[in-house]
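Structural overview for review
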Amino acid sequence: MAKRVLTTESGAPVADNQNSATAGVGGPILLQDQHLLEKLARFNRERIPERVVHARGSGAYGYFEVTDDVTGFTSADFLSSVGKRTETFLRFSTVADSLGGADAVRDPRGFALKFYTDEGNYDLVGNNTPVFFIKDPIKFPDFIHSQKRDPFTGKQEPDNVWDFWAHAPEATHQVTWLMGDRGIPASYRHMNGYGSHTYQWTNAEGEAFFVKYHFKTNQGVRSLSADQAAELVGKDANSHQTDLLQAIERGVNPSWTLHVQVMPAAEAADYRFNPFDLTKVWPHGDYPLQRVGRLVLDRNPDNVFAEVEQAAFSPNNFVPGIGPSPDKMLQGRLFAYADAHRYRLGVNHTHLPVNAPRTAVVDNYGRDGLHATRNGSRHDKNYEPNSYAGPAQTDAALAAPLAIHGWTGTHEAPAHTKDDDFFQAGELFRLMSEDEKGRLVANIAGGLSQVTRDDVIEKNLAHFHAADADYGKRVEEAVRALRED
């Protein structure tokens, strides 16, 4: 085998990679040492802005295989036949902490999945919880600011966390999830994934359905107590990354079974609560789970930076047969995610291998910009329409149109007969065993008792009382006991 030669970025061979060029033995370094300057300059630029949320992440490649016929609900080609496989990339993440944070912490987990379909990439951006803290994107920056490091103290502050929740009663459901037993997954392999948002499916006849995605782990759900998590963080802050990497390297490929809940579009307007409210679930008794297929992860990335850190997921990346719903949080994310990637990675981030379609052909009039790799030839025009056989529109909508009416303005979400910020949080509490309830109350009280303002504590206690009288009583007593110590 021929010996490999070290080169500069321009391809010139490097004579000496151990010693800088100097003015004589022991003299000062020379500005003409191009190799030294290039190495230092490149080193200074190795990092890109980290994600504001979901910065800490892990990922793997795999495939999705259809196991059940869902063509009555969607015309999406990658779901068109039983047995069909589509390559995927899945990125897991924590939400609040920075890139250097630990894995085993109490925090929702991102579950972002890219399908490399024949009709283009389809991105499904979700979490390991079926609900979220808020239901309007205008509150998202404020929510994240309250959960991130305080500008003065430089650390997460219970005052900020609970003060925001005190003013967001709709968060009570997700707080109950987060502080419960599933708040700290044992690993990425041992948690469910959810699309969380409501999406639209459209079949070949043009019939529209609203759907929710549920990825059920085939490894079984396993979680950590607060004490177990603290011990694990001390041993291996990268515990979830270690587990995922080693499992796939051993050939123990994690898998999930995808189910969907399907609501005929005509039923949405009169459903007893707003079906597009991200703080609520659809009871399975109303819309049971229907199996779709199996997701398997079987290959680790070769380079974490190139394939995990630069992976870009945008919920506005739809394919024919799948589209958005009136879910306000989803609507906000249709803009925000893609815009974040253009800031972090540049306008041509879709040219990067992890983000580029695998089998679908990209053919449009996008040109130029930083890191452009597809600019066409001398024969390709950069405008449309044209007389030179350039790509043209199909006139076929990806999904069914959404009916709208009323006046423009800042409106609260439409009220349904059973809309309530607390009922589902109470239902979740009442489903728990006595031991689960005890751990939930202890987790909530541990944080809430650290809040310095009595009025903020009282507002939060009122939310738990509204969800369930026993829930509120237990939290109130636990907080009082801790504050009296």
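Heads up: the structure comes first, above all this text.
Here is a short report on the structure shown in this document. Here the structure is a predicted model, which is why all the values come from computation and not from measurement. (Residues numbered from 1 in each chain as written. Predicted model: local features only at pLDDT ≥ 70, side-chain atom pairs only at ≥ 80, totals over all residues. Heavy atoms only, no water.)

A few words now on the packing of helix H11 (residues 454-467) against helix H12 (residues 469-484). Between H11 and H12, the least distance of the axes is 5 Å, while the angle of their chain directions is 150°. Here H12 runs roughly antiparallel to H11, going by the angle between their axes. In the packing of H11 onto H12, the handedness of the crossing is right-handed. In this structure, H11 contributes Asp-454, Ile-457, Leu-461, Phe-464, His-465 and Ala-467 to the contact, and H12 contributes Ala-469, Tyr-471, Gly-472, Lys-473, Val-475, Glu-476, Val-479 and Arg-483. Among the residues forming the contact of H11 with H12, the class breakdown is eight nonpolar, two polar and four charged. (Axes fitted to C-alpha atoms, helices over the stretch in contact; angles between N-to-C directions. Helix = DSSP H or I, 4+ residues; strand = E, 2+ residues; numbered from the N terminus. Parallel < 35°, antiparallel > 145°, perpendicular 65-115°, else oblique. Left-handed = near helix turned anticlockwise from the far one by under 90°. Contact = heavy atoms within 4.5 Å. Nonpolar A, V, L, I, M, F, W, Y, C, P; charged D, E, K, R; others polar.)

For the rest of this paragraph, the subject is the pairing of strand E1 (residues 57-66). Burial analysis of E1 places 10 of its 10 residues in the buried class, which makes it a mostly covered element. The alternating pattern of E1 places Gly-57, Gly-59, Tyr-61, Tyr-63 and Glu-65 on one face and Ser-58, Ala-60, Gly-62, Phe-64 and Val-66 on the opposite face, and all of these are buried. With nine bridges connecting them, E1 and strand E2 (residues 85-94) associate as antiparallel partners. Bridge pairing in E2 links Gly-62 to Thr-88. Two strands pair when backbone bridges link them, and E1 and strand E9 (residues 290-299) are joined in this way by six bridges, in the antiparallel orientation. In the strand pairing of E9, Tyr-61 is matched with Arg-299. (Buried < 20%, exposed > 50% of the residue type's maximum accessible area, 1.4 Å probe, protein only. Pairing = 2+ DSSP bridges.)

Turning to the environment of Asn-274, a few remarks are in order. Locating Asn-274 in the fold gives a position in the loop between strand E8 (255-264) and E9. A sequence separation of 238 residues divides Asn-274 from Leu-36, and the C-alpha atoms of the two residues are 61 Å apart. Not counting chain neighbours up to four residues away, the residues in contact with Asn-274 comprise Ala-413, Pro-414, His-416 and Asp-419. At a separation of 3.0 Å, a polar atom in the side chain of Asn-274 contacts the main-chain amide nitrogen of Phe-276. (Polar contact = N/O pair within 3.5 Å; in protein donor to acceptor, adjacent residues only side chain to side chain.)

Looking now at the packing of aromatic side chains. Evaluation of the coordinates by the stated rule reveals 30 aromatic pairs. Taking the centre distance of 5.6 Å and the plane angle of 15° together, the rings of Phe-115 and Tyr-122 count as stacked. Like Tyr-122, Phe-115 is buried. Taken together, the ring pairs in this structure connect Phe-132, Phe-133, Phe-140, Phe-143, Trp-162, Phe-164, Trp-165, Phe-429, Phe-464 and Tyr-471 into an aromatic cluster. Over the ring of Tyr-116 we find Arg-358; its NZ or CZ atom is 4.0 Å from the centre of that ring. (Phe/Tyr/Trp six-rings, centres within 6.5 Å; stacked < 30°, edge-to-face > 60°. Lys NZ or Arg CZ within 6 Å of the ring centre and 35° of its normal.)

Within the secondary structure, Lys-437 sits in helix H10 (residues 434-448). Classification of Lys-437 by relative accessible area gives buried; the value is 10%. Every residue in contact with Lys-437, bar those within four places of it in the chain, is listed here: Phe-429, Arg-430, Met-432 and Arg-474.

Before going further, it helps to examine the pattern of salt bridges. Considering all chains together, one arrives at 32 salt bridges under this definition. Across the salt bridge formed by Glu-65 and Arg-294, the nearest N and O atoms sit 3.6 Å from each other. One end of the pair, Glu-65, is in strand E1; the other, Arg-294, is in strand E9, and 229 residues separate them in sequence. Judged by relative accessible area, Glu-65 falls into the buried class, the value being 17%. The class for Arg-294 is partly exposed, based on a relative accessible area of 32%. Arg-291 is the salt-bridge partner of Asp-68, the closest N and O atoms lying 2.6 Å from each other. One end of the pair, Asp-68, is in the loop between E1 and E2; the other, Arg-291, is in strand E9, with 223 residues separating them in the sequence. Given a relative accessible area of 21%, Asp-68 falls into the partly exposed group. Each of Lys-135, Asp-277, Lys-280 and Asp-421 takes part in salt bridges that share partners, so that together they form one network. (Salt bridge = Lys/Arg side-chain N within 4 Å of Asp/Glu carboxyl O.)

Further remarks concern the nonpolar core. Ranked by internal contacts, the top residues of the largest apolar core, which has 41 residues, are Phe-133, Trp-162, Trp-165, Leu-448 and Val-475. When residues of this core are traced back to their parent elements, those giving at least two are helix H2 (140-147), helix H3 (158-166), helix H4 (172-179), helix H9 (423-431), H10, H11 and H12. Ignoring any residue separated from it by four or fewer positions in sequence, one finds Leu-448 in contact with Trp-162, Ile-457, Asn-460, Leu-461, Phe-464, Val-475 and Val-479. (Core = buried A, V, L, I, M, F, W, Y, C linked by side-chain atoms within 4.5 Å.)

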